[in-house]
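# A closer look at the structure
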Amino acid sequence: MKLWLDGGLRDTESARVSVFDHGLTVGDGIFETVKAVGGRPFALTRHLDRLTRSARGLGLPDPDLDEVRRACTAVLDANPMALGRLRITYTGGHGPLGSDRGEHGPTLVVVIGESARRPDSTAVITVPWTRNERGAVTGLKTTSYAENVVALARAREQGASEALFGNTVGQLCEGTGSNVFVVLGGEIHTPPLASGCLAGITRALVVEWTGAKETDLPLDVLEGADEIFLTSTLRDVQAVGRVDDRQLAGAPGPVTAKAMRVFDERAGNDLDP
């Protein structure tokens, strides 16, 4: 396995990041997960645009997107696989042990892991913890993921693959690594970015390609929605067959199934939409 670290390809056995890297010591970093199909990245331009937005939001220097593209190509060429999870990580670099940043410059890592197509439907739970829609890093894809780790572990304990959060005012927000959509009266709705959710790449494409509406939704909308589905880089569009103790019989329902078909067709025709 080959990965990219600060300017070139390295073997996984020899690649090293400093124990003083700010991404390790205080979670001062950002990342993107990109789906790779047959050695080619999907929606890479959108992912790199978001990487830059996240860097600016965190106060990091803009990443060199030409280098990031070169790194992605090199890693994909060096590690052929049918379906992969390409991970781009960009941190504050070598720094002091406190919250102040150092002056050594950022760290860039690009690595890939093999992936498999997800099932058509899954189970989710809701968790009692909230997303802060007014936080300093709200909407940024940072490496500070401990909250998601805790929530996802609870979901796994209950036989689910995802945990869904409300925000501080009781609205539906997002999952640990996904956006959530509900079908009400035949119409598709998803929480707006103001809810505190991440501006998911797949979320944006589904909104564009299906006409889904961005709507403030109470968390308890999950108790009565006709259909529910998740979107993310590796889930694409995935139906929810169970939320907490509620079973949604026949998932994926007709609206979700159509969204799945539309996404597969449009994504298959354009790898960088």
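Residues numbered from 1 in each chain as written. Predicted model: local features only at pLDDT ≥ 70, side-chain atom pairs only at ≥ 80, totals over all residues. Heavy atoms only, no water.

### Considering the layout of surface pockets
Estimated volume of the largest pocket: approximately 1200 Å³. In terms of lining residues, the largest pocket is bounded by 50 residues, among which Lys141, Tyr145, Thr176, Gly177 and Ser178 are the most central. At the level of elements, strand S3 (29–37), helix H2 (44–58), strand S5 (83–91), strand S7 (121–131), helix H4 (146–157), strand S9 (172–175), helix H5 (201–210) and strand S13 (227–232) are the ones that each hand at least two residues to the lining of the largest pocket. The element contributing the most residues to the lining of the largest pocket is H4, with five residues. (1 Å grid on protein atoms, 1.4 Å probe; cavity = no way out; pocket = protein on both sides within 12 Å on 5 of 7 lines; lining within 4 Å. Points joined across faces, edges and corners; volume = space filled by probe spheres on them. Helix = DSSP H or I, 4+ residues; strand = E, 2+ residues; numbered from the N terminus.)

### A look at the sheet that holds S5
Taken in spatial order, the six strands make up an open sheet running S2-S1-S6-S5-S3-S4, and their pairing is antiparallel. Each end of this open sheet is capped by a strand with a single partner; those strands are strand S2 (8–11) and strand S4 (40–41). Across the face of the sheet, H2 comes into contact with S3, S4 and S5 while running at roughly 175 degrees to S3. (Pairing = 2+ DSSP bridges. Contact = heavy atoms within 4.5 Å. Axes fitted to C-alpha atoms, helices over the stretch in contact; angles between N-to-C directions.)

### Focus: the pairing of S9
Two strands pair when backbone bridges link them, and strand S8 (residues 162–167) and S9 are joined in this way by three bridges, in the antiparallel orientation. Residue Leu164 lies in a different strand from S9, and its bridge partner there is Gly175. Here S8 folds back onto S9 in antiparallel fashion, the turn holding four residues, of which Gly170 has a positive phi close to 80 degrees.

### A short note on the pattern of salt bridges
Applying the stated rule across the entire model yields 12 salt bridges. Here Glu208 makes a salt bridge to Arg46, at a shortest N to O gap of 3.1 Å. Residue Glu208 is found in helix H5, and its partner Arg46 is found in helix H2; the two are separated by 162 residues along the sequence. Since its relative accessible area comes to 22%, Arg46 is described here as partly exposed. (Salt bridge = Lys/Arg side-chain N within 4 Å of Asp/Glu carboxyl O. Buried < 20%, exposed > 50% of the residue type's maximum accessible area, 1.4 Å probe, protein only.)

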